Every structure is written in C-alpha cells, then in structure tokens.
Amino acid sequence: MIAAPEVILVAGGVFLLLAESLAKLESKAVGVLVLAVHLIAGLCLLPFITTRAVIWDGLYTWDRFAVSGKAFFLVVGMLVTYLSLEGEAKVPAARAEFYILPLFCTAGMALLCSVRDFVLLFVALELVTVTLFVLVAYRRSDPASLEAGAKYLIVGGLATAFLVMGIAYIFGATGSTQFDAVAGFAESEGVGPVLLFGLAFLLVGLGFKAAAVPFHIWAPDVYQGAPTPITAYLSVGSKAAGFVVLLRVFLLPFWNTDFQRHWVPLVALLAALSVVLGNLAALPQRNIKRLLGYSSISHAGFLLIGVASHSFLGFASVLYYLMAYLAATFTAFLVLVLLEREKGGETIADLSGLAQRSPLLAWSMALAMVSLAGIPPLMGFFGKLLVFLAAWESGLHFLVIVGVAAAAAGIYYYVMVVRAMFWSDPVHQGPIAVHPATRGLLLALNVGSILFGFYVKPILALAAGAVVGSGG
C-alpha cells in the first residue's frame, strides 16, 4: 500500500497503452485519463502522510521527504499533461502514447524520492531517462527533434556509465549498496580513495540530470529541439529528480564529516561554474527555449549553492527553490505553448507586442521572468535569498558573492523578454484565444508565485521538516 502511487502510475500507463492499441482511443480523451491517473496516485499519498517505514529489505523508504517529493512530481506530471493537451497541434499525428509515456517518467521520479539503495536508485533513474529519450525525439519528422533526441541519448548513456561505475566503486569498497551500510562503513572504517572515486563518478552521473556545468552540454540543444511540453518536463521534472537524489545521498550515505570535506568543495565548484556560464551564455540568446535552457543551467547552480552549504537550512532552501522554479517555469512554457498554437512563439521577436494581443499572457510571462530573475517580492527572489543565506552561514562567502553577481547579470535577459512584450509593436496580429481552464491555471500559478513569496516561513518550515524527517 505504501508504494501505491508508483504502482498506480505504472499500472495506469500499461493499461492505457493496451487500451489505446486495441480500441484506438481519441488522444485527448487519453490525456484526460492520464490526468485522472495522476490525481488518483496523489490521493493515495493522503493516508500515509505521517507514516515512516522502510520496506523491501531496506531498498525503499517512506518519510516526509518522500511524501513531499512524490506530491511535487505528481503536480509536475499533471502540468506536463495539460501542456501537452494545449499544444497537441504541434505534435504531428499526435498519438496517445505522447500522453501516456510521462506516467512512467513520473513513476520513476516518485520512486527516486524513496530510494535507500544505489541499485534501486539506478533503476528509477533509468526509468526516467529512457522515457525522456523517446519523448524528446517524438517529432520524428522534425530534424531538430531527432538531433535533440540523439544528443540526449548519447550524453545520457555516458552519464549512466559514470553512475554505474560510481555505484560499483562504492559496492567494492563497502560490500553493500544500501545507504545505511555505506554510512556505517564510512563512520567505522573512514573514507578511502575507492569510496572517493565512487562519490566522484556518482556526482558526474547526477550532474547530467541536474544540467550542471560541465555536464550541461546537452541542455540548450535538447531544450530547443524537444516538444515544448517535454522541454518543460526536462527543465523542472528531470532537474528536480537529480536534486532529490543528491539530497538523499548527501543526507545519509555521504553526510559523514570525512565525506563532506571532499564533496562540499566539488559541489561548490560546480555551483560557481553553473551560475556564471549559464547566465553569461543566456545573454545573446534570442530563441526563448534556448534562453530558458541556459537559464536552467544557472538555476542548477543556485540550487547547488544550497546543496554545498551542507546544512539542513540549505537543503530545505533547495526544496523551496524548486517550488518557486516550478511555478515560474511552467507559467513561461504554458505561454509559449499557447503562442506556438498561434503559429509563432519560440523567439523573443514573436513575443513583441504580446501585451496588446493578450494582457493575461503578457503579465503571466512577465511575472515568470521576474520570479526567475530573483526580483522581490516574488517567490523566486526568496528562493535565491535562502540558498545564499544558507551558504553564507556555512562559510561559503566567495560562492555567495559569485552567485549574487551572476544573478545580477542574468536580470538583463529576463528584462529583455519583458521589454519585447510591453514596449515593442506586435509581429503577429489578432487576439489570442485562451481556454477558461487555462486562464484559471495561469492565475493560480501567478497567485502562487506572489502569495508564497509573502509566506516564506511556513513553507520553509514544511521543507525543513521534510529534510529533518528524512533520516539524515
């Protein structure tokens, strides 16, 4: 019963694939059913919110951290499905599997929230990655989509090899793949070179999922070439999955002081490189999806600043930051999906004069850009502020200075998008039709981004409770 969310997602995916192949269901009807499967899986979380358990001989754990992560990924899955429904016209010969496959991806992400063993971690991560391989290259008639799929496949395969090598080193040194056993070995025997090699290779594999420098090379091209709903999935879901795993492994097997002495400088270096390169490389971009790809790299750096703080405050700040990032990023991609449906929307020029055509879309995109830029009083500002405070308290002063300078530089390209919408003449004419449900979703995301910026303390308390309750 505890693993019901993952079971329901996988069973729902298998059932819908079989039903669609036999009955040829209408694709939009399948999309609605996929939303229902996500909702049912979410309801299965409610009876176990306060439960703490370790099952399957220590492979799978259930705690507040797991509940929070599963709820987050179920929301991501529902938002991606809704974006796919809105942008169906951009997927040639849209078939039901485009809606169904994300169920398996969400199941893998939910499973990652509960891993307590490196073998299960690998299985869950591959379930996510292999599904995304298919979805990225789904538009087979589009050369850009095929190129994106090939790049994601090649770099993803390389990252998987590093991950498996890291797990092999850890098993060779400790004789176990379970987090508890690795933590116990580090406490009793100390941290030797073999364990450090395992940690380094593991960071390479997870750095790919987080799109952190220097493992970022795939991100801009894949973001640009993938269908827009899948780009949103990569930007939020895949990145969050990488950080959930990082928090899991750094809270238990690698929380040891000897381990921290080695991984904190490495993570701090990745963070500094990511915020600098991501923001500077985004400055000349004019394709919105490519710009958001480099922006995503910079946000990986800000999240890594919270991880590098090696404190419960820093880890709780990462969870808060991910919620802020979800609200702003999905708002931006929902606006892009609606613009693409109107035959245009991937370049900054296509956004010109958007305020005259649809004030709701223009203000929604503007709020998303302002939140991503980290301008108060939106949620994104407090996300950055919290990770900077955590790093400062941990003595990483230079890293905070680099992060603040990079964030200031990044404001330019976010403001560039806003300027095009409000102070340029429209390239395309005519109003943009927005479904009432989409209006409601945009308003909910906008209000959440503003409101949660004023209620930081209770949300951060919930995030801190999830981190502390994870067994770290």
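The structure reproduced in this document is the subject of the present report. (Residues numbered from 1 in each chain as written. Predicted model: local features only at pLDDT ≥ 70, side-chain atom pairs only at ≥ 80, totals over all residues. Heavy atoms only, no water.)

**Remarks on the overall build of the chain**
Then, in step 1: Broken down by element type, the chain carries 19 helices and two strands.
Then, in step 2: What you see for the chain is a C-alpha radius of gyration of 21 Å, in line with the 23 Å of a compact globule of 472 residues.
Then, in step 3: Projected onto the principal axes, the alpha-carbon positions of the chain cover approximately 70 × 55 × 40 Å.
Then, in step 4: Evaluated residue by residue, the chain yields a buried proportion of 61% over its 472 residues.
Then, in step 5: Sequence separation of at least 24 residues holds for 82% of the intrachain contacts in the chain that already meet a minimum separation of 6.
Then, in step 6: Per element, the accessible surface of the chain, about 17,100 Å² overall, is 72% carbon and sulfur.
Then, in step 7: For the chain, the separation between the mean place of its 25 positive charges and that of its 23 negative charges on side chains is 6 Å. (Helix = DSSP H or I, 4+ residues; strand = E, 2+ residues; numbered from the N terminus. Rg over C-alpha atoms; globule rule 2.2 N^0.38 Å. Buried < 20%, exposed > 50% of the residue type's maximum accessible area, 1.4 Å probe, protein only. Contact = heavy atoms within 4.5 Å. Areas by Shrake-Rupley, 256 points an atom, 1.4 Å probe, with all protein chains shown as cover. Lys, Arg positive; Asp, Glu negative; His and termini not counted. Charge placed at Lys NZ, Arg CZ, Asp CG, Glu CD.)

**A short note on empty space enclosed by the protein**
Then, in step 1: One pass over the structure, following the stated rule, counts nine cavities of 30 Å³ or more.
Then, in step 2: Size it by volume and the largest cavity reaches roughly 70 Å³.
Then, in step 3: Elements with a minimum of two residues in the lining of the largest cavity: helix 8 (193-210), helix 10 (228-251) and helix 11 (257-282).
Then, in step 4: Ranked by residue count, the leading element in the lining of the largest cavity is helix 8, at four residues.
Then, in step 5: For the lining of the largest cavity, the residue count by class is nine nonpolar, one polar and no charged. (1 Å grid on protein atoms, 1.4 Å probe; cavity = no way out; pocket = protein on both sides within 12 Å on 5 of 7 lines; lining within 4 Å. Points joined across faces, edges and corners; volume = space filled by probe spheres on them. Nonpolar A, V, L, I, M, F, W, Y, C, P; charged D, E, K, R; others polar.)

**Some points on a nonpolar patch on the surface**
Then, in step 1: Together, Val-447, Ile-450, Leu-451, Phe-452, Phe-454 and Tyr-455 make up a nonpolar patch on the protein surface, roughly 570 Å² of accessible area in all.
Then, in step 2: As for its position among the elements, Val-447 is in helix 18 (residues 436-454). (Patch = residues over 30% accessible without salt bridge, like charges linked within 9 Å, V, L, I, M, F, W, Y side chains within 5 Å. Salt bridge = Lys/Arg side-chain N within 4 Å of Asp/Glu carboxyl O.)

**Regarding the side chain of Glu-340**
Then, in step 1: Turning to its location among the elements, Glu-340 is positioned in helix 13 (residues 312-341).
Then, in step 2: No salt bridge forms around the buried Glu-340; measuring N to O, its nearest opposite-charge neighbour Lys-289 is 4.4 Å away.
Then, in step 3: A distance of 2.6 Å separates a polar atom in the side chain of Glu-340 from a polar atom in the side chain of Thr-228. (Polar contact = N/O pair within 3.5 Å; in protein donor to acceptor, adjacent residues only side chain to side chain.)

**Some thoughts on the pattern of salt bridges**
Then, in step 1: Under the definition given, this model contains six salt bridges.
Then, in step 2: Note that Glu-147 is salt-bridged to Lys-151, the shortest N-O span being 2.9 Å. Within this pair, Glu-147 and its partner Lys-151 are both found in helix 6 (residues 143-174), separated by four residues, close to a single helical turn.
Then, in step 3: Note on Lys-151: relative accessible area 29%, which makes it partly exposed.
Then, in step 4: Put simply, Arg-290 and Asp-221 hold a salt bridge, and the shortest N to O gap is 2.8 Å. With Arg-290 in helix 12 (residues 288-308) and Asp-221 in helix 9 (residues 219-225), this residue pair connects regions lying 69 residues apart in the sequence.
Then, in step 5: Through salt bridges that share partners, Glu-147, Lys-151, Asp-221 and Arg-290 make up one connected network.

**Let's talk about the layout of surface pockets**
A probe matching the size of a water molecule, rolled over the atoms, marks out where space remains unfilled.
Then, in step 1: There is about 730 Å³ of room inside the largest pocket.
Then, in step 2: Counting only elements with at least two residues in the lining of the largest pocket, the list comes to helix 3 (64-86), helix 10, helix 13, helix 18 and helix 19 (456-468).
Then, in step 3: If you tally residues by element for the lining of the largest pocket, the top one is helix 3, at nine residues.
Then, in step 4: Here the residues of the lining of the largest pocket sort into 22 nonpolar, three polar and one charged.

**Notes on the packing of aromatic side chains**
Then, in step 1: Counting across every chain of the model gives 20 aromatic pairs.
Then, in step 2: Between Phe-250 and Trp-263 the ring centres are 3.9 Å apart and the planes differ by 10°, which places this aromatic pair in the stacked class. A residue pair is termed long-range when its members are at least 10 positions apart, and Phe-250 in helix 10 and Trp-263 in helix 11 qualify at 13 residues.
Then, in step 3: Centroid distance Tyr-413 to Tyr-414: 4.4 Å. Interplanar angle 40°. Geometry classified as tilted. Side by side, Tyr-413 and Tyr-414 carry an identical accessibility label, which is buried. (Phe/Tyr/Trp six-rings, centres within 6.5 Å; stacked < 30°, edge-to-face > 60°.)

**Remarks on the environment of Ala-268**
Then, in step 1: Looking at the element boundaries, Ala-268 is found in helix 11.
Then, in step 2: Look at Ala-268 and you get buried, because its relative accessible area is 14%.
Then, in step 3: In this structure the C-alpha to C-alpha distance between Ala-268 and Ala-391, which are 123 residues apart in sequence, comes to 9.6 Å.
Then, in step 4: Setting aside residues no more than four positions away along its own chain, Ala-268 makes contact with Ala-308 and Leu-399.

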